[in-house]
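Chain by chain, the residues run as shown.
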Amino acid sequence: MNGTVTLVGAGPGDPELLTLKAVRAIGRATVLLVDDLVNDEVLAFAAPGARIVQVGKRGGCQSTPQAFIDKLMAAEALKGETVVRLKGGDPFIFGRGGEEAERLRAQGIAVEVVNGITAGLAAATSLGVPLTHREHAHGVIFVTAHARADGEPLDWYALATAAAQGLTLVIYMGVTSIDALQSGLRRGLPGATPAAVVQYASLPQQRQLVCSLEALAASVRAERIGSPAIVIVGDVLRGVQTLSLTRAAAHTA
Ligand code: SAH
């Protein structure tokens, strides 16, 4: 009989942010494929004999090719194994979970998905900031700064316009292109718009800065904030800005 694959969201890092469903799925797995942004501490919930395969990349190492991961998951499931694919945050938020599920289902393999707390939520909460607020923001946009699959560049102006109308922007994978992000958003937003960057949200090594949009790229460089990080832009950050949670220069003159 075929086994199954469960795509499990491991949350942003803090193991306490795992769901009960995730803990149970990890405990039942006979094979676990673990992504790079998953905190190894969650593997404490794995069964003693489970096979753990690290398929991530960090520290300049080559990542495991996606095709290899797909093949391994399918092969193990077809052998009858209970496969858990552990992904950072939520599997269906910028995690290629959708593509993986489609390919497995096309081979007749049953796929389940367990939600995780996505990094954008953890980043905002770690600053004490609500992503929506009846007075400041009536919605939130989760967006990746990475180029789209069709090669079209991101429409920063459209995002800025949305933010100007009261939507909080939560930007994944934004720090490596922070200059383009800042100048793109500045086309539709005032320089004084509050912005924040949270690196390693929910983990002991978390770092954050809060500044104006105008000062964003310079602050990221000055503080040497790198990936993985979430950029948040919007008026919901106003209270945080005055609390000055950051060591970075908050404003340009
Ligand atoms: N599926 C994941 C996102 C994968 S894309 C989720 O739902 O969170 C990878 C990006 O997520 C990183 O480049 C970074 O922008 C963000 N990210 C993941 N974990 C993070 C963390 N602990 N702190 C800040 N950003 C994080």
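Residues numbered from 1 in each chain as written. Predicted model: local features only at pLDDT ≥ 70, side-chain atom pairs only at ≥ 80, totals over all residues. Heavy atoms only, no water.

**Topic: the site of the ligand**
Around the ligand, 18 residues are found, and the nearest of them are Asp90, Ile93, Thr118, Ala201 and Ala229. The side chain of Thr118 places a nitrogen or oxygen atom 2.6 Å from an oxygen atom of the ligand. The contact in question runs from an oxygen atom of the ligand to an N or O atom on the backbone of Met173, over 2.9 Å. Here the ligand has 540 Å² of accessible area as a free molecule, and 92% of this is covered by the chains. Residue composition of the shell around the ligand, grouped by class: 13 nonpolar, 4 polar and 1 charged. In terms of domain composition, the shell around the ligand takes at least three residues from each of domain 1 (4-114) and domain 2 (119-243). (Near = heavy atom within 4 Å. Polar contact = N/O pair within 3.5 Å; in protein donor to acceptor, adjacent residues only side chain to side chain. Areas by Shrake-Rupley, 256 points an atom, 1.4 Å probe, with all protein chains shown as cover. Nonpolar A, V, L, I, M, F, W, Y, C, P; charged D, E, K, R; others polar. Domains from an automatic or database assignment.)

**So, the environment of Ala67**
Structurally, Ala67 can be placed in helix α2 (residues 66-78). For Ala67, a relative accessible area of 52% corresponds to the exposed category. (Helix = DSSP H or I, 4+ residues; strand = E, 2+ residues; numbered from the N terminus. Buried < 20%, exposed > 50% of the residue type's maximum accessible area, 1.4 Å probe, protein only.)

**Digging into the nonpolar core**
By size, the foremost hydrophobic cluster in this structure holds 29 residues, and its most contacted members are Ile171, Leu185, Val197, Leu216 and Val231. When residues of this core are traced back to their parent elements, those giving at least two are β6 (139-144), α5 (156-164), β7 (167-172), α6 (178-186), β8 (194-199), β9 (207-212), α7 (216-222) and β10 (229-233). Counting residues per element, this core draws most heavily on α5, at 5 residues. When near neighbours in sequence (up to four residues on either side) are disregarded, Val197 contacts Val175, Arg207, Gln208, Leu209, Leu216, Val220, Ile225, Ala229, Ile230 and Val231. Counting residues in hydrophobic clusters, the runner-up holds 18 residues, among them Leu131, Ala137, Val236 and Val240. (Core = buried A, V, L, I, M, F, W, Y, C linked by side-chain atoms within 4.5 Å. Contact = heavy atoms within 4.5 Å.)

**Examining the packing of aromatic side chains**
Using the criterion set out here, one finds 2 aromatic pairs in the structure. Measuring from ring centre to ring centre gives 4.8 Å for Phe94 and Tyr172, while their planes differ by 65 degrees; the resulting arrangement is edge-to-face. Placement of the pair is Phe94 in the loop between β4 (82-87) and α3 (97-106) and Tyr172 in strand β7, with a sequence separation of 78 residues. The class for Phe94 is partly exposed, based on a relative accessible area of 35%. Through pairs of rings, three or more aromatic residues link up here, namely Phe94, Phe142 and Tyr172. (Phe/Tyr/Trp six-rings, centres within 6.5 Å; stacked < 30°, edge-to-face > 60°.)

**Examining the confidence of the model for the protein**
Mean pLDDT over the protein stands at 91; residues scoring 70 or higher make up 92%. Of the regions scoring below 50 in pLDDT, residues 242-253 engages in 21 contacts with residues more than four places distant in sequence or in other chains. (pLDDT = per-residue confidence, 0-100.)

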